[in-house]
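For reference, the chains in residue letters:
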Amino acid sequence: MSQCRICNQTTHQVIHFGKMPIANGFLRELDEKEFLFDMSVAFCPQCFMVQLEETVKPEMMFNDNYQFVSSTSNAMAIHFEGIAQEIAGKVADKQDPFIVELGCNDGIMLKHIAAKGIHHLGIEPSSNVAAMARKNKVEVTEKFFNAATAQEIVQEHGQADVLCGSNVFCHIEDINSVFEGASILLKDDGVLFFEDPYLLDIVQKSSFDQIYDEHVYYYSGLSVQALAQRHGLQLVDMVHQDVHGGSMRYYIQKGSDKNISQNVNDGIAAEKEWQLHQTEGYEAFKTKVDQICKDLKQTLKDIKQQKNRIVAYGATSKSTTLLNYAQIGPDLIEYICDTTPNKINKYTPGTHIPIKSYDAFLADDARNTLLLAWNHKKEIFAKEKSYREKGGKFITYFPEVVVE
Ligand code: TMP
C-alpha cells in the first residue's frame, strides 16, 4: 500500500512487475552491475492518478548518458514540426511571445520555433541531448523544471505565452511543483499543453510496456482535470494523438472560468465507461497483460522449435518492461536492430540481448522479427515492404499476439 504523490490518499495496486532494471540502462559489457528497482503501478481513487509506487532518482535516468534521442523517427519529426506550427499560430498576434518547452531533448520541436526567430527556452537536464539541441540553434538550460526554476525564468525572460512538453510530464515525480511552476510562469492568457501516453489507450490495448521507470504517471482527462484544479488551473481541451501507441495532448489555462471544449466532456465520459475512475476498471488489465506475455513467449518458442531464427526491431525503452516481465532473452531473440548509434553494440537491460545496427538487419535473412517498436508500426511496415514481400514476418502483441 502506498500514498498518492498528488493528493496523499491511499492507493490501490494495479500490477506488480517485480524487480526491473532502468529502461534505458543499456549495457556496454555483459558483466556490468545493473541497478534494479521494484516496479509496480497503483491507482488513486481520490484524484484518479495512475502512478509508479517506487520511483528511481531522476539523476539515474536523465543524465549525460541518456540514450533516448527524439529525432530517430521521421513520423515523430513531422509530428513535432506540427506542434511548432500550432504554437507559432497561437502566438502570431502576440508582441514578442515567449515559448518554454520542458524536456526539449535534441530540439526536435524548438528548432522550428528558433528558426522563426521566436523567443524561446528549452529546459533539458540530460546534457548530452541538450548539446544536440544547441547544435540545432535552440537556447537551452540544463535544469529540472519546478516552481523555483519557474521563478528564475520569469526573472530572466519574463512570463511565457506557452509552456509545453511532450513525453516529459509523465517523467516528473514532483508534478505538483511543475503545475505550481506553470501558474508562476504563464501569462494570464498563456497556455500550458503537454502530451503523454494515454491511460485509456494503455488499458484498451493492454500496452503495459508503457510502464517503466521513466514514466511515473499515466495520465487521463480525469487525473489531469483534478491536478489542474489543485493549482488554480483548468483543463480546457484534450486532443488524441496517434503517436507513442496512443497519446493525449492536454490544454490547460489559468483560472476556472474558461470555456471547456466538448472533447474534455467526451474524453472523460469515455474514461468513465472504461471505469478508469474506480478500482474495478483496472482488474481485467493485469489478467490481459499476463495472457499476452504467455502467448507471446509461446509463439516465440514455437518459432524456435521449428528451427527458425528470431530477431527483433527497435531497442525501445518500453521493450525493457516487456522483455523482462515476459522473460524473453537471448535464448529466443538473437539480436535487436536499432538505428540509434549509441545503442548499437550494447546489450538490453536485464535480458542482455545484443543490439546491432540496422545494416545488420538488412544484410540478414532472418524471417521472424519481433516488432518491439510497435508504436512505429506504420512507418516500419512502409520501410520494410520488401522484407515482408520476401516472406518476412513481424510479430506484434498488442492487444493480442499476431504474426503478420
Ligand atoms: P520509441 O518507441 O521510444 O520512440 O523508440 C524507438 C526506438 O526504435 C529507437 O531506439 C529507434 C528505433 N527505431 C529503429 O531502429 N528504426 C525505425 O525505423 C524506428 C521508427 C525506430
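Residues numbered from 1 in each chain as written. Predicted model: local features only at pLDDT ≥ 70, side-chain atom pairs only at ≥ 80, totals over all residues. Heavy atoms only, no water.

### Examining the sheet that holds strand E16 (residues 393-396)
Working step 1: Read from one edge of the open sheet, 6 strands run E14-E13-E12-E15-E16-E17, paired in mixed fashion. Every other strand in the sheet has two partners, leaving strand E14 (355-357) and strand E17 (402-403) as the edge strands with one partner each.
Working step 2: Pairing of strand E15 (residues 368-371) with E16, which is carried by 3 bridges, proceeds in the parallel orientation. Note on E16: the bridge partner recorded for Thr 369 is Phe 394. (Pairing = 2+ DSSP bridges. Helix = DSSP H or I, 4+ residues; strand = E, 2+ residues; numbered from the N terminus.)

### Some details on the packing of aromatic side chains
Working step 1: Under the counting rule described, the total for this entry stands at 21 aromatic pairs.
Working step 2: Plain terms: the ring middles of Trp 374 and Phe 398 are 5.2 Å apart, the flat faces sit at 80 degrees to each other, and that makes the pair edge-to-face. Here Trp 374, found in the loop between E15 and helix H13 (377-383), pairs with Phe 398, found in the loop between E16 and E17; they are 24 residues apart in sequence, far enough to count as distant. Summarising the burial analysis for this pair, Trp 374 and Phe 398 share the class buried.
Working step 3: These aromatic residues form a ring-pair network of at least three members: Phe 17, Phe 208, Tyr 325, Trp 374, Tyr 397 and Phe 398.
Working step 4: A cation sits over an aromatic face here: Lys 356 above Tyr 335, 4.7 Å from the ring centre.
Working step 5: Across the ring face of Phe 381, the terminal group of Lys 377 is positioned such that the distance to the ring centre comes to 5.2 Å. (Phe/Tyr/Trp six-rings, centres within 6.5 Å; stacked < 30°, edge-to-face > 60°. Buried < 20%, exposed > 50% of the residue type's maximum accessible area, 1.4 Å probe, protein only. Lys NZ or Arg CZ within 6 Å of the ring centre and 35° of its normal.)

### Some thoughts on the packing of helix H8 (residues 221-230) against helix H9 (residues 262-273)
Working step 1: H9 packs onto H8 with a crossing angle of 120 degrees between their chain directions and a minimal axis gap of 8 Å. Classified by the angle their axes make, H8 and H9 are oblique. On H9, the residues that touch Gly 221, Leu 222 and Gln 225 of H8 are Val 264, Ile 268, Glu 271 and Lys 272.
Working step 2: Within the contact of H8 with H9, the residues separate by chemical class into 3 nonpolar, 2 polar and 2 charged. (Axes fitted to C-alpha atoms, helices over the stretch in contact; angles between N-to-C directions. Parallel < 35°, antiparallel > 145°, perpendicular 65-115°, else oblique. Contact = heavy atoms within 4.5 Å. Nonpolar A, V, L, I, M, F, W, Y, C, P; charged D, E, K, R; others polar.)

### Digging into the environment of Gln 291
Working step 1: For Gln 291, the location among the structural elements is in helix H10 (residues 283-305).
Working step 2: With a relative accessible area of 39%, Gln 291 lands in the partly exposed category.
Working step 3: Between the C-alpha atom of Gln 291 and that of Glu 400, which follows or precedes it by 109 residues, the distance is 8.8 Å.

### Some remarks on the state of the cysteines
Working step 1: Applying the stated criterion across every chain yields a total of 0 disulfides.
Working step 2: Considering cysteine sulfurs only, Cys 7 is the nearest to Cys 44, which forms no disulfide, with 3.5 Å between them.
Working step 3: Sulfur of Cys 164: no disulfide; nearest cysteine sulfur belongs to Cys 104 and is 9.9 Å away.
Working step 4: Residue classification places Cys 164 among the buried residues on the basis of a relative accessible area of 2%. (Disulfide = S-S within 2.5 Å.)

### Digging into the domain arrangement of the protein chain
Working step 1: We note that the domain assignment places domain 1 (70-282) and domain 2 (296-403) within the protein chain.
Working step 2: Here domain 1 and domain 2 have C-alpha centroids that lie 31 Å from each other.
Working step 3: Listed by partner, the interface residues are 16 residues for domain 1 and 15 residues for domain 2.
Working step 4: The junction of domain 1 with domain 2 conceals about 1,300 Å² of combined surface from both sides, 60% of it contributed by carbon and sulfur atoms.
Working step 5: Broken down residue by residue, the surface that domain 1 buries against domain 2 is led by Phe 208, Asp 209 and Tyr 212, which jointly contribute 39%.
Working step 6: Linking domain 1 to domain 2 there are 1 salt bridge.
Working step 7: When the shortest N-O distance is used, the salt bridge between Asp 242 and Lys 378 registers 3.6 Å.
Working step 8: Taken together, domain 1 and domain 2 are joined by 4 residue pairs in polar contact (both at pLDDT 80 or more).
Working step 9: Tallying contributions element by element places helix H2 (residues 74-90) first for the side of domain 1 that touches domain 2, with 3 residues.
Working step 10: Of the residues that constitute the side of domain 1 that touches domain 2, the class distribution is 5 nonpolar, 8 polar and 3 charged. (Domains from an automatic or database assignment. Buried area = accessible area lost by both parts, 1.4 Å probe. Salt bridge = Lys/Arg side-chain N within 4 Å of Asp/Glu carboxyl O. Polar contact = N/O pair within 3.5 Å; in protein donor to acceptor, adjacent residues only side chain to side chain.)

### Considerations on empty space enclosed by the protein
Working step 1: Within the structure shown, the criterion is met by 2 cavities of 30 Å³ or more.
Working step 2: Space inside the largest cavity adds up to approximately 60 Å³.
Working step 3: Contributing to the lining of the largest cavity are Val 14, Val 41, Val 50, Leu 199, Ile 202, Val 203, Ile 211, Tyr 218, Tyr 282 and Phe 285.
Working step 4: Of all the elements, helix H7 (residues 199-205) adds the most residues to the lining of the largest cavity, at 3 residues.
Working step 5: When its residues are assigned to classes, the lining of the largest cavity shows 10 nonpolar, no polar and no charged.
Working step 6: For the second largest cavity, the full set of lining residues is Thr 55, Val 56, Pro 58, Met 61, His 171, Glu 173 and Val 216.
Working step 7: Across the lining of the second largest cavity, the residue classes break down as 4 nonpolar, 2 polar and 1 charged. (1 Å grid on protein atoms, 1.4 Å probe; cavity = no way out; pocket = protein on both sides within 12 Å on 5 of 7 lines; lining within 4 Å. Points joined across faces, edges and corners; volume = space filled by probe spheres on them.)

### Looking at the pattern of salt bridges
Working step 1: Considering all chains together, one arrives at 18 salt bridges under this definition.
Working step 2: Close ionic contact of Lys 90 with Glu 86 constitutes a salt bridge, the shortest N to O distance being 3.6 Å. Of this pair, Lys 90 and Glu 86 both sit in helix H2, 4 residues apart, which is roughly one turn of that helix.
Working step 3: Across the pair Glu 195 and Arg 249 runs a salt bridge whose closest N-O atoms are separated by 2.7 Å.

### What about the site of the ligand?
Working step 1: The environment of the ligand is formed by 17 residues, the closest being Lys 318, Asp 338, Lys 343, His 376 and Lys 383.
Working step 2: Contact distances for the ligand include 3.0 Å between an oxygen atom and a backbone N or O atom of Thr 339.
Working step 3: Lys 383 is positioned such that a nitrogen or oxygen atom in its side chain is 2.5 Å from an oxygen atom of the ligand.
Working step 4: About the coverage of the ligand: the protein hides 97% of its 490 Å² of free accessible area.
Working step 5: Taken together, the residues of the shell around the ligand break down into 5 nonpolar, 8 polar and 4 charged. (Near = heavy atom within 4 Å. Areas by Shrake-Rupley, 256 points an atom, 1.4 Å probe, with all protein chains shown as cover.)

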